[in-house]
Amino acid sequence: ITSGVISVVTTVMDIVVGLIVAVYVLYSKDTFSGQGKKIIYAIFDPDRGNLVLNTIRKSHQIFGGFIIGKIVDSVIIGVLAFISLSLMNMPYTLLLSVIIGVTNIIPFFGPYLGAIPCIIFILIVDLANPMNCIYFAIFIFLLQQFDGNVLGPKILGDSTGLSGLWVIISITLFGGL
């Protein structure tokens, strides 16, 4: 019991310290940005320093666009899931849709990590109609095909500045990493 309590207290303390540091870093971001520029120009000549800063800016723009695009994609998937599950008369459609939308943010495995608990939940809640689990699994498979092949590349391509083809190629090639 003592080691469990110590583990919980340590985890809570880590979270609190992490939040305090995050607030401090966000509050001082302009200062850190200026100091980072000074370090870059101290290490590199002005031409290379400008190249490094432009690369950092472009990386920030692409990664920020990816995260925002992924969140928009997940919200759309959650809304589509809610509408479709409502039409399918599934139990607890709002709860299932939120789980699907939130886990869709996680690349590759997220939709499956969300679908498995939802299938178990449907099975437990609706024992009278176990076919709903199969219908739900088929629906999730079709929804993820739509998301991965149509919606995701379109949204992520627009938000990152890359074409949908390059998004699909990079997901296919580098997805295993």
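So, on to the environment of valine 98. As for its placement among the helices and strands, valine 98 is situated in helix H4 (residues 93–103). With a relative accessible area of 46%, valine 98 lands in the partly exposed category. Remark: the alpha-carbon pair of valine 98 and glycine 78, spanning 20 residues in sequence, is separated by 6.1 Å.

It is worth spelling out helix H3 (residues 46–87) at this point. Three or four residues apart is the spacing at which side chains of an α-helix point the same way, because the helix has 3.6 residues per turn. For H3, spanning 42 residues, the distance from its first C-alpha to its last is 61 Å, which sits close to the expected 62 Å at 1.5 Å a residue. Asparagine 89 sits one or two positions beyond H3 and adopts a positive phi of about 60 degrees.

So, about the environment of leucine 53. Structurally, leucine 53 is set in helix H3. Overall, leucine 53 belongs to the buried group, its relative accessible area being 8%. Sequence spacing of leucine 53 and serine 170 is 117 residues, and the spatial spacing of their C-alpha atoms is 25 Å. Each residue touching leucine 53, except ones within four places of it in the same chain, is listed here: Lys37, Ile40 and Tyr41.

Positive phi outside glycine occurs at asparagine 89, with the angle close to 60 degrees. Within the secondary structure layout, asparagine 89 lies in the loop between H3 and H4. Although it is not a glycine, tyrosine 92 sits at a positive phi angle of roughly 50 degrees. Residue placement: tyrosine 92 occurs in the loop between H3 and H4.

For the structure on display, the rule yields one salt bridge. In this structure, the salt-bridge partner of aspartate 73 is lysine 70, at a minimum N-O distance of 4.0 Å. A residue pair is termed a helical-turn pair when its members lie 3 or 4 positions apart in one helix, as aspartate 73 and lysine 70 do in helix H3 at three residues. As far as burial versus exposure is concerned, aspartate 73 and lysine 70 are alike and both buried.

Rules behind the numbers
- For every chain, the first residue of its written sequence is number 1, and the numbers climb from 1 along that sequence.
- Restriction of local features to residues with pLDDT of at least 70 applies here, the model being predicted, together with a cutoff of 80 or more for giving and counting side-chain atom pairs; totals for whole chains, interfaces and linings are based on all residues.
- Each side-chain value is derived from all of the structure's non-hydrogen atoms; neither hydrogens nor water enter the calculation.
- The way it works is that DSSP assigns letters per residue, a run of H or I at least four long becomes a helix, a run of E at least two long becomes a strand, and they are numbered from the N terminus.
- Exposed residues in this analysis have more than 50% of their type's maximum accessible area, buried residues have under 20%, and partly exposed residues fall in between, with area computed by a 1.4 Å probe over protein chains only.
- Take the number of residues in a helix, subtract one, and multiply by 1.5 Å to get its expected span.
- We call two residues contacting when some pair of their heavy atoms lies within 4.5 Å.
- Counted as salt bridges are all cases of a side-chain nitrogen of Lys or Arg within 4 Å of a carboxyl oxygen of Asp or Glu.

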